[in-house]
Amino acid sequence: MSKDCYYFPHDSNAKDDPKCVLLIEQLGMEGYGIYWMLVEVLRDQPDYTYPIALIPALARRYNTTCEKVKAVVAGYDLFTIKDDRIFFSDSLNRRMTRLEETRVKRSNAGKIGNAARWGESQTDRIVIANGSHCDRNSSLTNKNRTNKNKEKKLSNESKESADKPRTVASKRPAFVAPSLETLQSYFPTIGGTAQDAEAFFDHFEANGWKVSGKTPMKNWQAAARNWVRRKSEFSNTTAKTITHETTRKYNDL
């Protein structure tokens, strides 16, 4: 059972109220018990009122007489009867009004705290504090409309971007060392000879196809063209080496 179903504030010294004193004197503690039974029944009603016509049912339910219940309702100025149709307690209504106001204030404080936590605007917080649910709904509706417009704009931009051709950098294929036959076919097309192809193949096959002996080769065609362009440098270097070696041998003799 929810606490809200049975809680309501009341004075601990209600028995000392002159009205209750007279009630207890004339009807005893049974009359006092009937009074609090009626207050609790009223508390459970949505509008804190109860039909006069149902008093006999209450009397049977709580094992008392209809006359005693009606006497408590009408005889001690503890309840107010309206149009001989319903009765209610002014004291209970005042207490429940204060209780509801306290609950609303706490609820609004909690909503304001949540709004601050989740980044809602100051306008939304003021709307919550004033309890203006219509204005708040309007504010939230405008906010939702703005968000939807932003989402629509982003969606259109994404669509336009998707429709445009994309330029994607082509991925360089993995290097594959050429065969001697491939080189012998390729070198004549760039001004080289079959012997150049053999020299190129032997050189790079020996060093693991690395440029300058360090960097793995990426394009053997480019390396072959460079080889042919620098062939004269290689020949001059080789000739100088041979001449130096021959001179040193003759000098030694």
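That block above? That's the structure.
This report concerns the structure included in the present document.

Parameters at a glance
- Residues numbered from 1 in each chain as written.
- Predicted model: local features only at pLDDT ≥ 70, side-chain atom pairs only at ≥ 80, totals over all residues.
- Heavy atoms only, no water.
- 1 Å grid on protein atoms, 1.4 Å probe; cavity = no way out; pocket = protein on both sides within 12 Å on 5 of 7 lines; lining within 4 Å.
- Points joined across faces, edges and corners; volume = space filled by probe spheres on them.
- Helix = DSSP H or I, 4+ residues; strand = E, 2+ residues; numbered from the N terminus.
- Nonpolar A, V, L, I, M, F, W, Y, C, P; charged D, E, K, R; others polar.
- Salt bridge = Lys/Arg side-chain N within 4 Å of Asp/Glu carboxyl O.
- Buried < 20%, exposed > 50% of the residue type's maximum accessible area, 1.4 Å probe, protein only.
- Pairing = 2+ DSSP bridges.
- Axes fitted to C-alpha atoms, helices over the stretch in contact; angles between N-to-C directions.
- Parallel < 35°, antiparallel > 145°, perpendicular 65-115°, else oblique.
- Contact = heavy atoms within 4.5 Å.
- Core = buried A, V, L, I, M, F, W, Y, C linked by side-chain atoms within 4.5 Å.
- Arc of directions from axis to C-beta.
- Phe/Tyr/Trp six-rings, centres within 6.5 Å; stacked < 30°, edge-to-face > 60°.

1. With respect to the layout of surface pockets
In step 1: Approximately 420 Å³ is the volume attributed to the largest pocket.
In step 2: For the lining of the largest pocket, the elements supplying multiple residues, two or more each, are α2 (18-43) and α5 (90-117).
In step 3: For the lining of the largest pocket, the residue count by class is nine nonpolar, five polar and seven charged.

2. Topic: the pattern of salt bridges
In step 1: In the structure shown here, the tally under the stated rule is four salt bridges.
In step 2: For the salt bridge of R103 with E100, the shortest nitrogen-to-oxygen distance reads 3.2 Å. Pair noted here: R103 and E100 are both in helix α5, with a separation of three residues, about one helical turn.
In step 3: Owing to a relative accessible area of 34%, E100 belongs among the partly exposed residues under this scheme.

3. Digging into the sheet that holds strand β3 (residues 86-88)
In step 1: What the three strands build is an open sheet, ordered β1-β3-β2; its pairing is antiparallel. Each end of this open sheet is capped by a strand with a single partner; those strands are β1 (49-51) and β2 (80-82). Neighbouring strand axes in the sheet, compared pairwise and without regard to direction, differ in orientation by 30° on average.
In step 2: Bridge count between β2 and β3: three bridges; the pairing is antiparallel. Counterpart to T80 in the pairing with β3 is F88.

4. Side note on the packing of α2 against helix α4 (residues 66-75)
In step 1: Direction vectors running N to C along α2 and α4 enclose 90°, while the axes themselves pass 9 Å from each other. With respect to their mutual orientation, α2 and α4 come out roughly perpendicular. Of α4, the residues touching α2 (which contributes L23, L27, E30, G31, I34, Y35 and L38) are K68, V69, A71, V72 and V73.
In step 2: Of the residues that constitute the contact of α2 with α4, the class distribution is nine nonpolar, one polar and two charged.

5. Notes on the nonpolar core
In step 1: Core analysis: the largest hydrophobic core is formed by 28 residues, its most contacted members being Y35, L38, F79 and F87.
In step 2: Of all the secondary-structure elements, those providing two or more residues to this core are α2, α3 (55-61), α4 and α5.
In step 3: Contact partners of F87, with chain neighbours within four places excluded, come to L38, L42, Y48, T49, Y50, P51, I52, I55, V73, F79, T80 and I81.
In step 4: Core analysis: the second largest hydrophobic core is formed by 14 residues, F204, W220, A223 and V228 among them.

6. Quick notes on α4
In step 1: Within α4, burial applies to C66, V69, V72 and V73. For α4, the angular spread of the buried residues around the axis is 130°, confining them to a single face. α4 presents E67, A74 and G75 as exposed residues on the side facing more than 90 degrees away from its buried surface.
In step 2: One or two positions beyond α4, positive phi appears at D77, with a value near 60°.

7. Some points on the packing of aromatic side chains
In step 1: Taken as a whole and judged by the stated rule, the model has 15 aromatic pairs.
In step 2: Taking 5.5 Å as the distance between ring centres and 90° as the angle between the ring planes, the aromatic pair formed by F200 and W227 counts as edge-to-face. A residue pair is termed long-range when its members are at least 10 positions apart, and F200 in helix α9 (residues 194-206) and W227 in helix α10 (residues 220-229) qualify at 27 residues. Each member of the pair, F200 as well as W227, is classed as buried.
In step 3: Ring centres of F201 and W209 lie 6.2 Å apart, and the angle between their planes is 70°; this geometry places the pair in the edge-to-face category.
In step 4: The structure contains a cluster of three or more aromatic residues connected by ring pairs, namely F175, F187, F200, F201, F204, W209 and W227.

8. Focus: the environment of A53
In step 1: Structurally, A53 is set in the loop between β1 and α3.
In step 2: Separated by 32 residues in sequence, A53 and R85 have C-alpha atoms that sit 7.2 Å apart.

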